[in-house]
Amino acid sequence: MTIDLTPDEAAARIADLATQIAQANEDYHAKDAPRISDADYDALKRELAALEAAFPDLKPADSPSDLVGAAPAEGFGKVVHRQRMMSLENAFSDNDVTDFVARIRSFLNLSAEAPLRFTTEPKIDGLSLSLRYENRALLQAATRGDGTVGENVTANARTISDIPKTLPADAPAILEVRGEVYMTHADFARLNETGPRSFANPRNAAAGSLRQIDPAITASRPLRFFAYAWGEISVPLAETQSGAVARLADFGFATNPLMQTCDDPRQMLSAWTGIEQQRATLGYDIDGVVYKVDDLSYQARLGFRSTTPRWALAHKFPAELAWTRLEAIDIQVGRTGALSPVARLAPVTVGGVVVSNATLHNEDYIAGRDSNGAQIRDTDIRVGDWVQVYRAGDVIPKVSAVDQSRRTNPDPYRFPDHCPACGAEAIREPGDSVRRCTGGLACPAQAVEKLKHFVSRAAFDIEGLGAKQIEMFFADDILPIREPADIFTLAERDGRNLARLKNRDGFGERSAEKLFAAIEERRSVPLARLIFALGIRHVGEVAAATLARHYGDLPAMIGALDAAAPAAERHIAADEAVTAERAAAAAQGRRARIAETRDAVWSDPPLPAAARIAWDDLTNINSIGAVLAQSLVTAFHQPAERAVIDRVIAQLDVRSAEAAPAQDSPIAGQTVVFTGTLEKMTRAEAKARAEAMGAKVAGSVSAKTDLVVAGPGAGSKAKKAEELGIRIIDEDEWLAIAAT
Ligand code: IVH
């Protein structure tokens, strides 16, 4: 992937990708209702990872690159995993696989000839489950959740016959077995014919069946389980991955019969081809092959990145395809005004699922270009075209190709330049792939989407007031909810109406009272939730928490944002001036004077010092970039939007943020520099270990350095550290710290 973006463009794109990925995670993990295909999801994650690698300073502290899934759903008890449940790094090409093996050899400092064995096994398309056995009895079962906290589904897991309730005497006293819950194609088809609702695919059916509040329902569903990994364990199972899985089979777990071992990338790729050839006849969904380093002592040395082990790789299969007719292109308007085109298709079966909608992303995608303007297809997409639909394992797929020989429509699709919901102009800002409605809160589509966001789970989370009810109240003339403040005046307004809510269809006395009580309960709200709930573009859940911690309370935050407003305007003006200077320089064939142009706008006319201070303070917060800052300040400065914010605040008791807890590792929060030769660990291994302990690893020594680990041959860096009076230790002392 070539990256040709300015830092501001990259920041905007990173924020945009982070939002899309967070939404997709929520849809997939919490709602069991994915709206984009796995392949699209993977593409978003890859683009984000590439941008974060190119612009490491712009990587948000809460980047979805570091998250595994979504937080657990309400309704189940929560289980904190004693060892995190990890995700897998994905690969899509043979090269990715050879690179993976090469990276491992280099990390472990193994020569090209040294033996290095891998296991290969199908990647089951189900949902992962962790089973905790103590004294050989099944004690607890938990879903992955966000990797740290999952849902307690013990009663449900007990109903699955592949899961042993007790283990033989030679099993360790503490053993957490991890694996995948799935449903076979045959069982899925039977369930969809006879069951209460139809599921889009076996994975959703398995997830929906396991996450039933009533275990009797789970018991009636034909769920299966393959064991392939483990968490906490009192005695090691074996010295190898393959040996450990064989022991799990001895204990009575179902393990996948296609698992084998390979000694080089060539064998691994041929195992992949072999498994892919069997895919259609296995009787259950798999979406790739997982490779794992077989030697468990190597696994231990390789360790983990934030969410994935370094010793494993998921090599995905290509997606499934089908042809159908594109009947119409509809435009949906999102919370921030984004116009999203949706393909309405003549229904077609792709990989066993009937598909009638597909995402078309944005206007560039319809025109055949990606967001950098590069050609991605030989033609545009037109209404009436025969299109190829592409999906991989889940629900809303995408249009991947067009059959031009069957085209009858002479007119390319014209993307609307006005909002279909409110008629306001829809504009595309430079660097943004998305066209947005400028109607703001006057646009009913944006207003209703903003309200849905306001009541969503990570925001106000009001029981009995979900997306459906918001739509109803938004359209209601007697008891309307048109903006957030209206939610908190609902009960009082209802009391003054003649037609009371309790007398309506779908509401009784009890449900109306329950709704009012649920709203009342949320009147007192933590600052972070409020900030997130406002639905300001680029301000996600983690950014909201960061802002709340930074400012502490609401008056301090509003004061700072008000003060920063003139600087935010200057920031926008400076960006515009830089764009103009770039164009002028290109036309005149000279180098663009970026820094000078920017400085000129900032300094003339002079800005009140308080504005600059407030702006710098905001943009210096870790992970809050200029793009987010600008969006935030604008939301509080724009009069109509500010009035909406002020009205809801007047209804609330906003609670101040608490200070962040300290991490307990001797080097947490410190900046560490490694220099000289390390003999017992590779540099990559040392860096990974330090980062896992909460330290930042820097390449050079400065006043900000806290600790220098100097091996033999350390030169100028160690000297500089000495001059600065920074603590210097040798490799053995470092190993002692690393072992803590
Ligand atoms: S190993 C520490 N092996 O894929 C790594 N995972 O995309 C633990 N999955 O969360 C995972 N089949 O739910 C592993 N044979 C297999 C798998 C497998 C399916 C799932 C698992 C994981 C996800 C990552």
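First, a word on scope: everything that follows refers to the structure included in this document. Fair warning: this is a prediction, and the values are worked out from it, not measured in the lab. For every chain, the first residue of the written sequence is number 1, and numbering continues from 1 along that sequence. Two thresholds apply to this predicted model, a pLDDT of at least 70 for residue-level local features and 80 or more for giving and counting side-chain atom pairs, whereas whole-chain, interface and lining totals are computed over all residues. Only hydrogens and water are removed before side-chain values are computed, so all heavy atoms of the structure are retained for them.

Numbering of helices and strands runs from the N terminus; a helix is a DSSP stretch of H or I covering at least four residues, while a strand is a stretch of E covering at least two. Each helix and strand in the chain was counted, giving 26 helices and 24 strands. Only the C-alpha atoms count toward the radius of gyration. The rule for a globule is 2.2 Å times the residue count to the power 0.38. For a compact globule of 740 residues, the expected C-alpha radius of gyration is about 27 Å, and the chain comes in at 28 Å, within 12% of that figure. Think of it in three bands: residues with accessible area under 20% of the maximum for their type are buried, residues over 50% are exposed, and the middle band is partly exposed, with areas taken using a 1.4 Å probe on protein chains only. The buried share of the chain, reckoned over its 740 residues, is 48%. A separation threshold of at least 6 residues defines the contact pool for the chain, and within that pool the share at least 24 residues apart is 68%. Surface accessibility follows the Shrake-Rupley procedure with a 1.4 Å probe radius. Residue values consider only the protein chains on display as shielding. As displayed, the chain offers around 34,000 Å² of accessible surface, 51% of which is attributable to carbon and sulfur atoms. Taking the 84 positively charged and 101 negatively charged side chains of the chain as two groups, their mean positions are separated by 1 Å. Contacts are assigned to residue pairs that have any heavy atoms within 4.5 Å of one another. Counting rule applied: Lys, Arg positive; Asp, Glu negative; His and chain ends not counted. Each charge is placed at NZ for Lys, CZ for Arg, CG for Asp and CD for Glu.

We call a residue near a molecule or strand when any one of its heavy atoms sits within 4 Å of it. Around the ligand sit 14 residues in total, of which E121, I124, R144, E180 and Y228 are the nearest. The term polar contact refers here to a pair of N or O atoms within 3.5 Å; inside protein, the definition further demands a hydrogen-donor-capable atom paired with an acceptor-capable atom, and it admits residues adjacent in sequence only when both atoms are side-chain atoms. One nitrogen or oxygen atom from the side chain of S128 is found 3.3 Å from an oxygen atom belonging to the ligand. K292 is positioned such that a nitrogen or oxygen atom in its side chain is 3.0 Å from a nitrogen atom of the ligand. Here the ligand, which alone exposes 530 Å², has 89% of that area covered by the protein. Per-element tally for the shell around the ligand: the top contributor is strand β3 (residues 118-124), with four residues.

In this description, a line fitted to the C-alpha atoms serves as the axis of each element, helices being fitted only across the stretch in contact, and the angle between N-to-C directions of two axes falls anywhere from 0 to 180 degrees. Here helix α19 (residues 554-588) crosses helix α20 (residues 594-603) at 145°, and the two axes come no closer than 9 Å. For α19 against α20, the interelement crossing comes out right-handed. Contacts from A567, R570, H571, A573, A574, D575, A577, V578, E581 and R582 in α19 reach I594, T597, R598, V601, W602 and S603 in α20. Classification convention: Asp, Glu, Lys, Arg as charged; Ala, Val, Leu, Ile, Met, Phe, Trp, Tyr, Cys, Pro as nonpolar; all other residues, Gly among them, as polar. Within the contact of α19 with α20, the residues separate by chemical class into eight nonpolar, three polar and five charged. Note: crossing handedness is left-handed where the near helix turns anticlockwise from the far helix by less than a right angle, and right-handed where it turns clockwise.

What makes a nonpolar core is a set of buried Ala, Val, Leu, Ile, Met, Phe, Trp, Tyr and Cys residues whose side-chain atoms join them at distances within 4.5 Å. Core analysis: the biggest nonpolar cluster contains 69 residues, and I487 and L618 have the highest contact counts within it. Looking at which element gives the most residues to this core, the answer is α19, with 10 residues. The contact partners of I487, leaving out residues within four places of it in the chain, are L451, F454, V455, I462, L465, I481 and I519. Counting 33 residues, the second largest nonpolar core, distinct from the first, contains V101, A114, L116 and Y284.

Looking now at the packing of aromatic side chains. Centre distance and the angle of the planes are the two values used to describe a pair of aromatic rings. A pair of Phe, Tyr and Trp rings is counted when the ring centres sit within 6.5 Å of each other, with Trp represented by its six-membered ring. The angle between the planes then sorts it: under 30 degrees is stacked, over 60 is edge-to-face, the rest tilted. Using the criterion set out here, one finds 12 aromatic pairs in the structure. With centroids separated by 5.2 Å and ring planes inclined at 55°, the aromatic side chains of Y182 and Y284 adopt a geometry described as tilted. Placement of Y182 in strand β7 (residues 174-182) and of Y284 in the loop between α9 (265-278) and β10 (286-293) is noted, with a sequence separation of 102 residues between them. We classify Y284 as buried; its relative accessible area is 9%. Residues F473 and F507 carry aromatic rings whose centres are separated by 6.3 Å and whose planes lie at 55° to one another, so their mutual orientation is tilted. Remark: F507 occurs in the loop between α15 (490-496) and α16 (509-521) and F473 occurs in helix α13 (residues 467-475); sequence separation between them is 34 residues. Residue class for F507 comes out buried when judged on its relative accessible area of 15%. If you follow R46 out to its NZ or CZ, it ends over the ring of F92, 4.0 Å from the centre. Counted as over-ring charges are cases with an Arg CZ or a Lys NZ within 6 Å of the ring centre that also lie within 35 degrees of the ring normal. The aromatic ring of W386 is capped on one face by R406, whose charged end is 3.9 Å from the ring centroid.

In the contact formed by helix α3 (residues 94-108) and α9, the axes pass within 10 Å of each other and the chain directions differ by 140°. Taken together, the axes of α3 and α9 lie oblique to each other. Crossing of α3 against α9: the hand is right-handed. Counted together, D94, V97, T98, F100 and V101 of α3 and P265, M268 and L269 of α9 form the full contact between these two elements. Residues belonging to the contact of α3 with α9 are distributed by class as follows: six nonpolar, one polar and one charged. Relative orientations are named as follows: roughly parallel for angles under 35 degrees, roughly antiparallel for angles over 145 degrees, roughly perpendicular for angles from 65 to 115 degrees, and oblique for any other angle.

Moving on, we come to unusual backbone geometry. When glycine is set aside, most residues are seen to have a negative phi, and most peptide bonds are trans. The linkage connecting D604 with the following residue, P605, adopts the cis geometry, with an omega of -5°. Residue position: P605 is located in the loop between α20 and α21 (609-619). Of note in this structure, N135 is not a glycine but carries a positive phi near 45°. Inspection of the secondary structure assignment puts N135 in the loop between β4 (127-134) and β5 (137-143). Under the relative-accessibility criterion, N135 is labelled exposed at 57%.

A regular strand places its side chains so that they alternate between the two faces of the sheet. Along β10, eight of the eight residues are buried, which leaves the element largely enclosed by surrounding structure. DSSP calls a pair of strands paired once it identifies at least 2 bridges connecting them. Two elements, β10 and strand β11 (residues 312-316), share five bridges in a ladder whose sense is antiparallel. Of the residues in β11, the one forming a bridge with Y291 is L313.

Once their charged atoms are close, side chains differing in charge can pair, the charge on each being opposite to the other. One speaks of a salt bridge when a side-chain nitrogen belonging to Lys or Arg is within 4 Å of a carboxyl oxygen belonging to Asp or Glu. Applying the stated criterion across every chain, the model contains 42 salt bridges. The partner of R132 in a salt bridge is E134, with the nearest N and O atoms 2.8 Å apart. Judged by relative accessible area, which is 5%, R132 ranks as buried. The shortest N-O distance in the salt bridge between R647 and E483 comes to 2.8 Å. One end of the pair, R647, is in helix α23 (residues 639-651); the other, E483, is in the loop between α13 and α14 (484-488), with 164 residues separating them in the sequence. Each of R82, R132, E134, E176, R178 and E232 takes part in one network of salt bridges that share partners.

By secondary structure assignment, the location of L44 is in helix α2 (residues 38-54). Along the chain, L44 and E691 lie 647 residues apart, while their C-alpha atoms are 25 Å from each other. Residues contacting L44, with those up to four places away along its chain left out, are L17, Q20, I21 and I36.

Spatial strand order, β22-β21-β23-β24: four strands in an open sheet with parallel pairing. Strands with a single pairing partner mark the edges of an open sheet, and in this sheet they are β22 (696-698) and β24 (727-729). Taking the axes of each pair of neighbouring strands and ignoring which way they run, one obtains an average angle of 30° across the sheet. One ladder, built from three bridges, connects strand β21 (residues 671-675) with β22; its direction is parallel. Across the sheet, the residue bridging to V672 is V697, located in β22. Helix α24 (residues 683-692) rests against β21 and β22 of the sheet, and its axis sits at about 170° to β21.

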